[in-house]
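Examining the three-dimensional arrangement
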Amino acid sequence: MKRTNQLIEKIQAGNNEVYRELMQNYYATVQRFAFQCGVQQSDLDDVTQEVFIKLYRFIEKYRDQQFTTWLYKITLNTARDFYRKKSKQQEKVARLQMQVDEQQNSAIDFLLQLDEEDRELHMAILRLEENYRYPIVLYYFHDMTMPEIAKVVGLNVSNVKVRLMRARSKLKKILQLEEEAMYES
């Protein structure tokens, strides 16, 4: 964290050369969080690039707060904005089938790399509604505290607690249904 703040201070002072180091330090984190939020494999590079463009544009506004919390919030908002813009495009209907095929192949390739339990859990988490998915991902996979999650998703801490509790319950039901379906087969 101290190293990150030092890099940011250098960038704010006009040393843009160290921005590359900041990107390298957080690139994988941004991609993983974006994917866990539901960004499709084929869009990960675009969303990640947009996150780092926004980060660069607004780095002057950063003031001694938890950097990762700020970065997660930028990533979440960028992912949401990306899909809002994408859904408005005129060509969406024509490209939809091609994108679905490419995304399925990309998702299958990625999921084949995960072991079976991780794959089942990831698919179950993606079946959750966004308002439950984000707190689960941030809490369990990014080790964020309730107050940090509240800042990222724009809720108060008690709402985050409630969403986490409900998300766990919904996730448990999803996994139980999948297990029952497997035994019935």
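Relevant structure appears above.
What you see is a predicted model, and the numbers here were worked out from it, not measured in a lab. (Residues numbered from 1 in each chain as written. Predicted model: local features only at pLDDT ≥ 70, side-chain atom pairs only at ≥ 80, totals over all residues. Heavy atoms only, no water.)

**Here's the deal with the pattern of salt bridges**
Side chains bearing opposite charge may pair, as long as their charged atoms lie close to each other. For the coordinates displayed, the defined rule picks out three salt bridges. Between Glu21 and Arg3 there is a salt bridge, with its nearest N and O atoms 2.8 Å apart. Residue Glu21 is located in helix α2 (residues 19-36), and its partner Arg3 is located in helix α1 (residues 2-12); the two are separated by 18 residues in the primary sequence. Looking at Arg3, the relative accessible area reads 38%, which means it is partly exposed. Among the salt bridges present, the one from Arg127 reaches Glu178, with a minimum N-O distance of 2.8 Å. Here Glu178 lies in helix α9 (residues 157-184) and Arg127 lies in helix α6 (residues 116-127), a separation of 51 residues in the sequence. (Salt bridge = Lys/Arg side-chain N within 4 Å of Asp/Glu carboxyl O. Helix = DSSP H or I, 4+ residues; strand = E, 2+ residues; numbered from the N terminus. Buried < 20%, exposed > 50% of the residue type's maximum accessible area, 1.4 Å probe, protein only.)

**With respect to the environment of Gln66**
On the secondary structure map, Gln66 appears in the loop between α3 (44-58) and α4 (67-88). Residues Gln66 and Glu148, spaced 82 residues apart in sequence, show a C-alpha to C-alpha distance of 8.3 Å. Within the structure, the side chain of Gln66 is placed 3.2 Å from the side chain of Thr68, a separation counted as a polar contact. (Polar contact = N/O pair within 3.5 Å; in protein donor to acceptor, adjacent residues only side chain to side chain.)

**Examining the packing of α2 against helix α7 (residues 130-141)**
Viewed as axis vectors pointing N to C, α2 and α7 meet at an angle of 140°, and their least axial separation amounts to 10 Å. By the criterion of interaxial angle, the relationship of α2 to α7 is oblique. Here the hand of the crossing between α2 and α7 comes out right-handed. Here α2 contributes Arg32, Phe33 and Gln36 to the contact with α7, which in turn contributes Arg133, Val137, Leu138 and Phe141. (Axes fitted to C-alpha atoms, helices over the stretch in contact; angles between N-to-C directions. Parallel < 35°, antiparallel > 145°, perpendicular 65-115°, else oblique. Left-handed = near helix turned anticlockwise from the far one by under 90°. Contact = heavy atoms within 4.5 Å.)

**Remarks on the packing of aromatic side chains**
In total, this model carries eight aromatic pairs according to the counting rule given. Centre to centre, the rings of Tyr62 and Phe67 are 5.8 Å apart; their planes meet at 80°, and the pair counts as edge-to-face. Members of the aromatic cluster, each reached through a chain of ring pairs, are Tyr26, Tyr62, Phe67 and Trp70. (Phe/Tyr/Trp six-rings, centres within 6.5 Å; stacked < 30°, edge-to-face > 60°.)

**A look at the nonpolar core**
In summary, soluble globular proteins display a tendency toward joint burial of nonpolar side chains. Grouped together as the largest cluster of nonpolar side chains are 24 residues, with contacts concentrated most on Leu22, Val47, Leu55, Ile59, Phe67, Trp70 and Leu71. Those elements that provide at least two residues to this core are α1, α2, α3 and α4. When sequence neighbours within four positions are dropped, the list of residues in contact with Val47 reads Ala34, Val39, Thr78, Ala79 and Phe82. (Core = buried A, V, L, I, M, F, W, Y, C linked by side-chain atoms within 4.5 Å.)

**Side note on α2**
Across its 18 residues, α2 extends 25 Å between first and last C-alpha, which sits within 8% of the 26 Å expected from 1.5 Å per residue. Along α2, the sharpest kink reaches roughly 45°, centred on Tyr26. Just past α2, the residue Gly38 takes up positive phi, approximately 110°. (Expected span 1.5 Å × (residues − 1). Bend = angle between axes of the 7 residues up to and from the residue.)

**Observations regarding unusual backbone geometry**
For Asp143, which is not glycine, the phi torsion reads 50° and is therefore positive. Its location among the elements puts Asp143 in the loop between α7 and α8 (146-153). Exposure remark for Asp143: the relative accessible area of 66% places this residue in the exposed category.

**Some words on the packing of α1 against α2**
Contact geometry for α1 and α2: axes closest at 9 Å, N-to-C directions at 145°. When you trace α1 past α2, the crossing you get is left-handed. Each of Arg3, Thr4, Leu7, Ile8 and Ile11 in α1 lies in contact with α2, whose residues at this interface are Tyr19, Glu21, Leu22, Asn25 and Tyr26. Of the residues contributing to the contact of α1 with α2, the split by class is six nonpolar, two polar and two charged. (Nonpolar A, V, L, I, M, F, W, Y, C, P; charged D, E, K, R; others polar.)

**Focus: a negative patch on the surface**
Negative charge collects at one region of the surface, where Glu120, Glu179, Glu180 and Glu184 lie side by side. With three residues, the top contributor of residues to the negative patch is α9. Relative to the elements of secondary structure, Glu120 occurs in helix α6. (Patch = residues over 30% accessible without salt bridge, like charges linked within 9 Å, V, L, I, M, F, W, Y side chains within 5 Å. Areas by Shrake-Rupley, 256 points an atom, 1.4 Å probe, with all protein chains shown as cover. Lys, Arg positive; Asp, Glu negative; His and termini not counted. Charge placed at Lys NZ, Arg CZ, Asp CG, Glu CD.)

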